[in-house]
Amino acid sequence: ILTMSDDAGNSNISAGIYKVPPEILICAFKLISPQGPQLFGRPYNDLVNITHSASYLRMIAINAPSLWTYIDITDQPSSFELAKACVQRSSPLNLDISIKLHTRVGIKLPGILALVEYVSTRTAALQVSILLPGFGMLDQVRLAFRHFKYPVLEKLEMDFKTKDSRDNPQRRVPVFCLPEDSPKLRSVSMVDLAPDLDSNAVARLTQLVLNVPSSSWPPGRFWEILGQAAALECLELNARLLRPAWTASTPFHAPSLQQPRTLIPNLHRLVLRGFESSILVPFLFNLDAPELFDVIFELSEINSPILSTWNDVQVRHPFPSVSSFELLFSFERLPLFAHQFLGFLTRLFPEVEELALPSLSALSILRILAQNWESPPSSAQECSRWPELYHLSITTREDACDKCWDRLDAVRSFIQTRSKLSLPPLEWVTVTLCESFKKDLRFPQVLQGLRKALASKNALELHYYTNISAVRQLQRSYFSDSADGCFGY
């Protein structure tokens, strides 16, 4: 409630809306104006509803270009009309455009391309996700986007799928050429598209996200691109859990220690998802990133032919700057040789401070780490015990509530092992448990034992989730009783 003081100093007099300066109203409107995709696809609902309460508010909002810079085009016909209104009202400010089309694309596409070309000189961020009828229309879209001029474009996200590609996931991903005139482009994200990056475009990028099958990228071309990305800060590669064609079926050869590594001096964040260890290991040996501190690995398979290599090859170029490490596997049961692989990772990242294990194999990873630390060194280098580790997070969700006991027991054993080795106690532990697990009578006693082993009583943070299987079973039981006329009573 806005208040104003009169001449006598009384401050309980409500201020009329017409006395509020337009600048203050615009600042208030910005709090409800859209800054990104909305949940139900109606980005300006709140702003329109509020400003329709008074003609003065509506006049202020319509004449404030900063409130209309976000354009969201969906399959709803009204979104295109709203987009044209936003283009007019936001002039001459830069735009943030999101386009998501999946139905009747052939009819809508000409108008969409005309609108994108019309505002290309004002587009600062462009996100496009379109399901095309066929590859012929894909070529039309690629050619159009290539020749558009984007002098202020900074962020580009592209996701073009065809109905044919959904039926053939093993097809070769089409190449997408980036806009020729986009000198300010810094962030590129591609889904099911292999970007054609020239040396000038790569040198300017600070973020590169590729979500494509690794079979679509020849290794030589990939390293050539990374070698030119001197300004890259975030690199995310998602192989879509498909078997890579270029190394998975070939014997692994240990990388030469004399081979020059690819330097990416500003790389801070590295995300590799869906790769096999036969690709991951050479990648890490060939990479030189002195500023790397955030790493996320998701492995689809641990290849056995390279086990001897993990034990014999010394890690001469570790990444001591890495402080945050997230490791997950797309399989629950780890192979017998996972001990060597995890030991290799601890030597590669010796100064981890935050460890996140969101996969189903989190319990096995904790037990293997504890066993490696307690065992005498049997390889060329001793496993790092991560003396700086202070945060452990286990956020995997499972329907079986009996897994919660295993989860807490693994955490307890891990903490006790670190205590035996005189390592500093953890300062923060996050564990996800089933909601019904709190009803177990042993639960308070187990929590008390965990808290005593940590640095402080408040170091343990618990999150709970609903057991979906139990809920569905209860629903089935309820409806079956209702059919018999019992209705659960």
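Rules used in this analysis
Residues numbered from 1 in each chain as written. Predicted model: local features only at pLDDT ≥ 70, side-chain atom pairs only at ≥ 80, totals over all residues. Heavy atoms only, no water. Pairing = 2+ DSSP bridges. Helix = DSSP H or I, 4+ residues; strand = E, 2+ residues; numbered from the N terminus. Buried < 20%, exposed > 50% of the residue type's maximum accessible area, 1.4 Å probe, protein only. Arc of directions from axis to C-beta. Contact = heavy atoms within 4.5 Å. Salt bridge = Lys/Arg side-chain N within 4 Å of Asp/Glu carboxyl O. Phe/Tyr/Trp six-rings, centres within 6.5 Å; stacked < 30°, edge-to-face > 60°. Right-handed = clockwise from strand over helix to strand, strands pointing away. Core = buried A, V, L, I, M, F, W, Y, C linked by side-chain atoms within 4.5 Å.

A. Focus on the pairing of strand E16 (residues 324-329). Taken together, the six bridges between strand E15 (residues 294-301) and E16 define a ladder with parallel strand orientation. Across the sheet, residue Asp294 finds its bridge partner in E16, namely Ser324. Where E16 meets strand E17 (residues 354-356), three bridges bridge the pair, whose relative direction is parallel. Among the inter-strand pairings, Ser324 is bridged to a residue of E17, identified as Glu354.

B. Looking closely at helix H15 (residues 443-453). When we look at burial in H15, the residues that qualify are Phe443, Leu447 and Leu450. Buried residues along H15 cover an arc of 60° about the axis, so they all sit on one side. Exposed side chains of H15 directed beyond 90 degrees from the buried face belong to Pro444, Gln445 and Lys452. Where H15 is buried, its residues contact helix H14 (403-420), strand E19 (428-434) and strand E20 (460-465).

C. Structural view of the environment of Ala114. The residue Ala114 is located in helix H5 (residues 105-118) in this model. As for Ala114 and Ala144, which are separated by 30 residues in sequence, their C-alpha atoms are 9.6 Å apart.

D. Representation of the pattern of salt bridges within the structure. What the rule picks out here adds up to six salt bridges. Asp75 is the partner of Lys108 in a salt bridge, and the nearest nitrogen-oxygen pair spans 3.2 Å. Of this pair, Lys108 sits in helix H5 while Asp75 sits in the loop between strand E3 (70-73) and helix H4 (77-90); the two residues are 33 residues apart in sequence, bridging distant segments of the chain. Since its relative accessible area comes to 26%, Asp75 is described here as partly exposed. Across the pair Arg269 and Asp294 runs a salt bridge, and its minimum N-O distance is 2.6 Å. With Arg269 in strand E13 (residues 269-276) and Asp294 in strand E15, this pair connects stretches of sequence that are 25 residues apart. On the accessibility criterion, Asp294 (14% relative accessible area) is buried.

E. Expanded view of the packing of aromatic side chains. According to the stated counting rule, one finds ten aromatic pairs in the structure shown. For the ring pair Phe297 and Phe325, a centre distance of 5.8 Å and an interplane angle of 85° mean the geometry is edge-to-face. Residue Phe297 is located in strand E15, and its partner Phe325 is located in strand E16; the two are separated by 28 residues in the primary sequence. Each member of the pair, Phe297 together with Phe325, is buried. Linked through ring pairs, Phe297, Phe319, Phe325, Phe349, Trp373, Trp386 and Phe414 together constitute an aromatic cluster.

F. Seen up close, the pairing of strand E5 (residues 123-132). E5 sits mainly inside the fold: nine of its ten residues count as buried. Strand direction decides the pairing type here: strand E4 (residues 95-101) and E5, joined by seven bridges, are parallel. Residue pairing for E5: Lys100 is matched across the bridge by Ser129. As a crossover connection, the stretch from E4 through H5 into E5 is right-handed. Assessed by its sense of winding, the connection that carries the chain from E5 through helix H6 (residues 135-147) to strand E6 (residues 155-162) is right-handed.

G. Seen up close, the nonpolar core. Residues Phe145, Met158, Phe160, Phe297, Phe325, Leu327 and Phe349 are the most contacted members of the largest nonpolar core, which totals 130 residues. Setting aside residues no more than four positions away along its own chain, Phe349 makes contact with Val295, Phe297, Phe319, Val322, Phe325 and Trp386.

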